[in-house]
Amino acid sequence: MLSPERLALPDYEYLAQRHVLTYMEDAVCQLLENREDISQYGIARFFTEYFNSVCQGTHILFREFSFVQATPHNRVSFLRAFWRCFRTVGKNGDLLTMKEYHCLLQLLCPDFPLELTQKAARIVLMDDAMDCLMSFSDFLFAFQIQFYYSEFLDSVAAIYEDLLSGKNPNTVIVPTSSSGQHRQRPALGEAGMLEGVEASLFYQCLENLCDRHKYSCPPPALVKEALSNVQRLTFYGFLMALSKHHGINQALGALPDKGDLMHDPAMDEELERLVVRSKLHRTSRQHRAKEPGAFGFQRREKQEALERVSSASVPTPYHYRWEPRV
Amino acid sequence: MDCQAEVNCGLHLVIQTSSLPEKNKVEFKLNKDTSSFPGRLLQHDLERNYSSRQGDHINLVSSSLSSFPILQRSSEEKILYSDRLSLERQKLTVCPIINGEDHLRLLNFQHNFITRIQNISNLQKLISLDLYDNQIEEISGLSTLRCLRVLLLGKNRIKKISNLENLKSLDVLDLHGNQITKIENINHLCELRVLNLARNFLSHVDNLNGLDSLTELNLRHNQITFVRDVDNLPCLQHLFLSFNNISSFDSVSCLADSSSLSDITFDGNPIAQESWYKHTVLQNMMQLRQLDMKRITEEERRMASVLAKKEEEKKRESHKQSLLKEKKRLTINNVARQWDLQQQRVANIATNEDRKDSDSPQDPCQIDGSTLSAFPEETGPLDSGLNNALQGLSVIDTYLVEVDGDTLSLYGSGALESLDRNWSVQTAGMITTVSFTFIEFDEIVQVLPKLKIKFPNSLHLKFKETNLVMLQQFNALAQLRRIDQLTIDPQGNPVVNFTLWKYYVLFRLSHFSMQKINGTEVTQNDMIMAERLFGILAHVASSELPQYRLISILGDARKKQFRYLLESKGKKPGIINEENNDSKRLVGENTNRATLNYTTRDFYNEKLEEIKEKKKFCKTYIEDLVKEATEINMKNEALQKLWPQMFIELVRDAVIEIRNKNSYMKLCLQQITDQK
């Protein structure tokens, strides 16, 4: 922890890199808001709990979007929380529309913008038929890329547009500017006729981008890997490739691999306990309410539940544990 | 005798043979079977015998001069029966010339084949002319018979009533069994007492003015649909309308104005089949003594007036009801229109934020209840009375509140204010279903606490056109006491299109143990599935949130509810305590879900705005702290660098100082004295 590079950074830069100030500000803000409640059990305890929850990744639950997207750690925590809470939906096999996924997102973050979800959906659907149903895993991985690297992707989109229209790839491209500087105009005539852009050219631009800007970007080596197999690619093809790439997923560290997406044995156990408890609760309520009981408490149900519990507790070969990002 | 019995069943002739026939001593009547009239001597049979006997003595000599036969009677006959002549059943095809009988008063041509009335113009003293059962097609040849009082033309082929102008003394006119289609040319017959037009082709009755003596009018077996002018007959007592086509009392309404009518028949008409027939007739014709040949009793009259009053009441009620219903319908239409306008406007704002002028051409000022002229076209088939009444409504409401037994229906956001009204405990207690239409769900959320207090038995909530778009919004329903049934109409509620919405509702509102959602029963499997899908969410929301957040979220929700309560009149501490217990119970029942709340967008933005100030302050505060910390850090680092050197200097200074013991001792003592 106390590595020499860390201590070598000047103070402001260090704070900025770790987003320490963001959390400090937020903590104090929360303190102010809930003054009466918190004063009851002590400020020291409050700070302890706060930073513990930051470490565990539960601090973003039900918070406003501006906070959720404020730091990379927040974004990762949010992705992870979303996965944990709604993994069961995916496990159930339901295919949902973009709007419905957006609804689920809003359950965790009430003012989550629709734009982001739409963009994520576009990646899955390859910019086609936005009302289509999507599977949970497809959506989740695409959403991960879109949400975590959203600024990066905006720049990439701009680069892609420029390449497509034949501008010089080496010109300085800033996402907010309307046009780049046209110093050279190489004959990229083919770009119009074939779909997408040339992969290697594209990668060069990306490399420049990664070197230059301040927001996080996927590790360039992995990006190169993703582009290695293709000659030409479209924008959404590129994004789709990114989302499916295992390495990038692992580099992010928020979600497990695709194969293990539905596995979370600890949660499954907890869930079974909840289900059984709710069944008992419901029937006892019914007896209390003295209703004729359209459906009695059938032994069959309980056995079913027990069976499921036992299957969940079979040790899976891969135990995913989440490590806080250093 | 063939058809005679049917129609002409009694020709009562009472003739005074002694003196010259004066008008008031000769009475002729035509009657149906059950006659309630005082019986008269039935002279008919005598007549018949008489006429047949007379027939034997008649010689019909065909003249060479004309084609008509000439009648001659023996002088014996002429003296015996000087004033009457019967040529019944003589197989006559034309009227014979009758010479030398100019003082004849009764002439009988019954049952012949005569086609034209001729050769009787010389019989100017004729009083009774009987041409029953012939083939006469036109009334003619009567213009000289100014004394005629009885004219019997039944069972002929007459198509039109005409050429009766000079018969001003006519007393009885019998035209039954002909082909007459119209009543005309009889208005001058002011002495006419009996008019028989049965078995003709009449379709309506009018043009009866001038018949100032008419007491009996027989119109049976026609095709009459309506009757007029009967109130112009001052003496009419008997009116027979059996077997016609009268179907409503309105078509014979003039009868009510005839004070002389005492006997009427309607049997065989469609009207007689109606349930309201008898008492309507009795009620409208109080002067009546006999209906359909049956005397009307006092009892019947009483019943009739009672029933008629009931009918009136019912009609008034139903009129009122239909007025109300129409008003309701219009109001709902109005509310729907405004809802659409509002939705359009919102959509326009969302898509055309740059454009200053909104797309919707409709003026938003129409919102406060002014007459909307577009409506009369939409009202559809209404009877004119209703329409007139409605156009009198100068204000059409912009919302509607309706209580129908156990259902409270609210249309339009204005209706939400009605929850503040003083509802009687009984009415409020009966309400089990509350239905919201054309109201934004976010607005409904704000009045849910009121609903909970005022309508404690409301178990079924229905939402239609309420803009339910997010699953989150269902969280707001958790604050109610209990819901058994929930109906979310797909119209205007996009949330229904989601695959998981029902499970989410079941999950979030599991403590209600709902029975039905959108009409389908909730099964154990549904509940389990809901728990399976969202159970982890609840777990995360409760156990993984830090304590302070739990408290703040729950506190927020409770604070909001209190705010609504305090805004309403419920400042009594009792209620607040109840609230406390309620929410405690709630929290106890399902802590893990209680943090899933719904704040309407407006409130949320409000809150965020409020926080901005705090955030700014925090930022500056932290910045100050950081500055301080970095300064200290800098100083610390600087100190670290300088310290070795400083330490050496300190040591050197100290050593130099102590080098000379004596001078050092002196210095110390000096310092001590200085101090004091």
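The structure presented is a predicted model; accordingly, all values stated were derived computationally and were not measured. (Residues numbered from 1 in each chain as written. Chains lettered and ligands numbered in written order. Predicted model: local features only at pLDDT ≥ 70, side-chain atom pairs only at ≥ 80, totals over all residues. Heavy atoms only, no water.)

What is the right way to look at the overall build of chain A in this model?
Secondary structure assignment for chain A yields 18 helices and two strands. The 326 residues of chain A split such that 46% are buried. Excluding contacts between residues fewer than 6 apart, the proportion of contacts in chain A whose partners are at least 24 apart in sequence is 68%. As presented, chain A carries roughly 16,800 Å² of accessible surface, and 54% of it is formed by carbon and sulfur atoms. (Helix = DSSP H or I, 4+ residues; strand = E, 2+ residues; numbered from the N terminus. Buried < 20%, exposed > 50% of the residue type's maximum accessible area, 1.4 Å probe, protein only. Contact = heavy atoms within 4.5 Å. Areas by Shrake-Rupley, 256 points an atom, 1.4 Å probe, with all protein chains shown as cover.)

Explanation requested: the packing of aromatic side chains in the structure shown.
By convention here, two paired aromatic rings are described through the distance between centres and the angle between planes. Under the criterion given, the structure shown has 32 aromatic pairs over all chains. Geometrically, the ring pair formed by Phe 65 of chain A and Phe 147 of chain A is tilted, given 6.3 Å between the ring centres and 40 degrees between the ring planes. Of this pair, Phe 65 of chain A sits in helix H6 (residues 65-68) while Phe 147 of chain A is found in helix H10 (residues 136-148), placing the two residues 82 residues apart along the sequence. Taking relative accessible area as the criterion, Phe 65 of chain A reaches 13% and is therefore assigned buried. Where Tyr 504 of chain B meets Phe 534 of chain B, the ring centres are 5.2 Å apart and the plane angle is 85 degrees; that geometry is what we call edge-to-face. Taken as a pair, Tyr 504 of chain B in helix H10 (residues 501-508) and Phe 534 of chain B in helix H11 (residues 524-543) lie far apart in primary sequence, 30 residues in all. (Phe/Tyr/Trp six-rings, centres within 6.5 Å; stacked < 30°, edge-to-face > 60°.)

Would you mind showing me how to read helix H7 (residues 72-91) of chain A here?
Think of an α-helix as 3.6 residues a turn; residues three or four steps apart then line up on the same face. Residues and elements named next belong to chain A. For H7, which comprises 20 residues, the first-to-last C-alpha distance of 27 Å matches the rise-based estimate of 28 Å (1.5 Å per residue) to within 8%. Burial analysis of H7 places 17 of its 20 residues in the buried class, the great majority of the element. Positive phi shows up at Gly 93, right after H7, with a value of about 90 degrees. (Expected span 1.5 Å × (residues − 1).)

I would appreciate a short explanation of the pairing of strand S23 (residues 485-488) of chain B in the present structure.
Each regular strand displays side chains that alternate between the two surfaces of the sheet. Residues and elements named next belong to chain B. Because side chains alternate across S23, one face comprises the buried residues Leu 486 and Ile 488, and the other comprises Gln 485 and Thr 487, none of which is buried. Judged from the four bridges that link them, strand S22 (residues 460-464) and S23 form a sheet pairing that is parallel. Note on S23: the bridge partner recorded for Lys 462 is Thr 487. As defined by bridge partners, S23 adjoins strand S24 (residues 516-517) across two bridges and the pair is classed as parallel. Residue pairing in the sheet places Leu 486 in a bridge with Ile 517 of S24. In this view, the connection linking S23 to its parallel neighbour S24 by way of H10 has right-handed handedness. (Pairing = 2+ DSSP bridges. Right-handed = clockwise from strand over helix to strand, strands pointing away.)

Explain the packing of helix H3 (residues 20-33) of chain A against helix H15 (residues 601-658) of chain B here, please?
At a closest axis distance of 9 Å, the pairing of H3 of chain A and H15 of chain B adopts a crossing angle of 130 degrees. With respect to H15 of chain B, the axis of H3 of chain A lies oblique. Where H3 of chain A crosses over H15 of chain B, the handedness of that crossing is right-handed. Along the contact surface, H3 of chain A presents Leu 21, Met 24, Glu 25, Val 28, Cys 29, Leu 32 and Glu 33 of chain A, while H15 of chain B presents Ile 611, Lys 614, Lys 615, Phe 617, Cys 618, Lys 619, Tyr 621, Ile 622 and Val 626 of chain B. Among the residues making up the contact of H3 of chain A with H15 of chain B, the classes are represented as eleven nonpolar, no polar and five charged. (Axes fitted to C-alpha atoms, helices over the stretch in contact; angles between N-to-C directions. Parallel < 35°, antiparallel > 145°, perpendicular 65-115°, else oblique. Left-handed = near helix turned anticlockwise from the far one by under 90°. Nonpolar A, V, L, I, M, F, W, Y, C, P; charged D, E, K, R; others polar.)

Shape descriptors only; they carry no functional weight alone.
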